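Fold and contact review
Chain by chain, the residues:
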Amino acid sequence: MRALYFSNPIKMEKIFTFKITDSQPLSKFMDKHFSARTATLIKNTPGSVKLNGGDFVGNPELKEGDTLHITVPERLKPFEKAANLPINVIYKCEDYLVVEKPAAMPCIPTKGHFADNLIAALTYLYPGEVFRVVTRLDKDTSGLVLVALNAPAHEVLSQTEIEKKYTAELVGKLASSVTVNAKIYRESGMKRIVCDRGKPSKTHFKVLSYTDEGNTLCECTLFTGRTHQIRVHSAYIGHPVVGDLLYGTDERGKNEGQKLECVSLSFVDPFSKEKKSFTI
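Residues numbered from 1 in each chain as written. Predicted model: local features only at pLDDT ≥ 70, side-chain atom pairs only at ≥ 80, totals over all residues. Heavy atoms only, no water.

1. Remarks on the overall build of the protein chain
In terms of regular secondary structure, the protein chain is built from 5 helices and 19 strands. Each principal axis of the C-alpha distribution contributes one length, and for the protein chain these read about 70 × 45 × 35 Å. Buried positions account for 46% of the 280 residues belonging to the protein chain. Once local pairs closer than 6 in sequence are excluded, the contacts in the protein chain between residues at least 24 apart make up 65%. Accessible surface, the protein chain: about 14900 Å² in total, of which carbon and sulfur atoms supply 49%. The average position of the 38 basic charges and that of the 32 acidic charges among the side chains of the protein chain differ by 4 Å. (Helix = DSSP H or I, 4+ residues; strand = E, 2+ residues; numbered from the N terminus. Buried < 20%, exposed > 50% of the residue type's maximum accessible area, 1.4 Å probe, protein only. Contact = heavy atoms within 4.5 Å. Areas by Shrake-Rupley, 256 points an atom, 1.4 Å probe, with all protein chains shown as cover. Lys, Arg positive; Asp, Glu negative; His and termini not counted. Charge placed at Lys NZ, Arg CZ, Asp CG, Glu CD.)

This is the structure:
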């Protein structure tokens with residue numbers, strides 16, 4: 001692994017063009033299209049909003065047919081470290097990318113993993129860009145991750161319905177497909193448990209086949225997005241993920257890593273309105 005350092009980050013920004021269809025004050029329009037944090041950032045950046053190509057004073061009334069050009073400045077700097085790590089970028093556009101993350105790699109910098117993480121790997125490939133993870137995976141879970149390339153894209157994608165499917169090898173033989181509807185609660189530290197005090201959580205385990213070792217290969221569909229959800233629910237029904245040493249009592253697969261992978265992401269692109277599907 002080789003780490004790089006950047007001291008002169010590239011200034012990044014995102015420019016939106018809106019054609020006004022309904023009369024309304026500019027402030028109302030901003031509240032509708034941007035979060036409070038981003039709207040404040042735009043407001044505090046001189047020249048970031050142009051009405052019909054020009055400047056204005058105060059809070060003008062927008063009229064049908066008006067054109068707004070809004071520049072959203074990037075408030076974050078590129079990550080200060082970059083590392084040449086094995087990742088596979090499946091797709092990239094100006095607003096987001098989809099990348100295949102290997103197991104044993106955190107999505108974001110953490111204690112003990114400041115340089116060997118997904119953000120550092122992406123910074124090596126695309127120096128000067130800023131990355132915000134939308135669909136985070138556990139360190140030991142491999143597969144597809146959606147990453148936003150600017151603040152507005154992160155805001156919109158975080159509110160977009162994203163269908164995710166996983167494959168997992170579960171310890172032992174799961175007799176039939178099952179849907180687990182059990183609340184998940186943060187017990188202490190990283191560990192979660194099934195508990196009535198937790199948040200509603202729902203996972204479907206579809207049996208695909210059985211291994212020669214007597215384990216079950218499953219397709220897992222999430223209806224909610226809780227931390228460690230598949231791992232907690234599979235352990236709850238007595239079939240933890242192979243190699244999961246936090247929730248499992250069986251260490252089969254320990255030397256090969258945790259057998260859980262995000263294999264599919266599907267969503268409607270909030271900018272192009274096209275259906276996007278990515279599968280490995």
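After presenting the structure, the write-up continues.
2. Concerning the sheet that holds strand 2 (residues 13-19)
Read from one edge to the other, the open sheet built from 3 strands follows the order 2-6-4, with strand pairing classed as antiparallel. One side of each edge strand has no neighbouring strand; the edge strands of this open sheet are strand 2 and strand 4 (49-51). With strand direction ignored, the average angle separating the axes of adjacent strands in the sheet is 10°. Here 7 bridges tie strand 2 to strand 6 (residues 67-73), and the two strands are oriented antiparallel to one another. Residue pairing across strands places glutamate 13 opposite proline 73, the latter belonging to strand 6. Helix 1 (residues 26-33) rests against strand 2 and strand 6 of the sheet, and its axis sits at about 55° to strand 6. (Pairing = 2+ DSSP bridges. Axes fitted to C-alpha atoms, helices over the stretch in contact; angles between N-to-C directions.)

3. Observations regarding the packing of aromatic side chains
Two measures describe an aromatic ring pair: the distance that separates the ring centres and the angle between the ring planes. Enumeration according to the criterion identifies 8 aromatic pairs in this entry. Taking 5.0 Å as the distance between ring centres and 80° as the angle between the ring planes, the aromatic pair formed by phenylalanine 18 and phenylalanine 29 counts as edge-to-face. Here phenylalanine 18 is found in strand 2, whereas its partner phenylalanine 29 is found in helix 1, with 11 residues between them in sequence. The pair formed by phenylalanine 18 and phenylalanine 29 is uniform in burial state, with each residue classed as buried. On the numbers, 6.3 Å between centres and 35° between planes, the contact of phenylalanine 267 with phenylalanine 278 is tilted. Of this pair, phenylalanine 267 sits in strand 18 (residues 260-268) while phenylalanine 278 sits in strand 19 (residues 275-279), placing them 11 residues apart in sequence. (Phe/Tyr/Trp six-rings, centres within 6.5 Å; stacked < 30°, edge-to-face > 60°.)

4. Description of helix 5 (residues 229-236)
Counting buried positions over the 8 residues of helix 5 gives 6, a clear majority of the element. Looking one or two places after helix 5, you find glycine 238, whose phi comes out positive at around 85°.

5. Focus on the side chain of aspartate 269
Mapping aspartate 269 onto the fold places it in the loop between strand 18 and strand 19. Buried charge aspartate 269 goes without a salt bridge, the closest partner of opposite sign being lysine 276 at 5.1 Å. Polar contacts involving the side chain of aspartate 269 include one to the main-chain amide nitrogen of serine 272, which spans 3.0 Å. (Salt bridge = Lys/Arg side-chain N within 4 Å of Asp/Glu carboxyl O. Polar contact = N/O pair within 3.5 Å; in protein donor to acceptor, adjacent residues only side chain to side chain.)

6. Brief notes about the confidence of the model for the protein chain
In the predicted model, the protein chain carries a mean pLDDT of 88, and 93% of its residues have values of at least 70. The low-confidence segment residues 1-11 (pLDDT under 50) makes 23 contacts with residues lying over four places distant or belonging to another chain. (pLDDT = per-residue confidence, 0-100.)

7. Considerations on the nonpolar core
Formed by 46 residues in total, the largest nonpolar core has its most connected members in Leu118 and Leu146. The residues touching leucine 118, leaving out its near neighbours within four places in the chain, are Ile87, Val99, Met105, Pro106, Cys107, Val145 and Val147. If you look at the next biggest cluster of nonpolar residues, it comprises 15 residues, including Leu26, Phe29, Ala39 and Leu62. (Core = buried A, V, L, I, M, F, W, Y, C linked by side-chain atoms within 4.5 Å.)

8. A short note on the environment of threonine 167
Here threonine 167 shows up in strand 12 (residues 163-170). We classify threonine 167 as partly exposed; its relative accessible area is 29%. Expressed as a C-alpha distance, the spacing of threonine 167 and lysine 259, which sit 92 residues apart in the sequence, is 8.1 Å. Apart from the residues within four sequence positions on either side, threonine 167 is in contact with Cys218, Lys259, Leu260, Glu261 and Val263.

9. A short note on unusual backbone geometry
Even without a glycine there, the phi angle at asparagine 52 is positive, about 50°. You can see asparagine 52 is positioned in the loop between strand 4 and strand 5 (61-62). Of note, alanine 104 is a non-glycine position whose phi angle comes to about 70°, a positive value. Along the chain, alanine 104 falls in the loop between strand 9 (96-101) and helix 3 (118-125). For alanine 104, a relative accessible area of 48% gives the class partly exposed.

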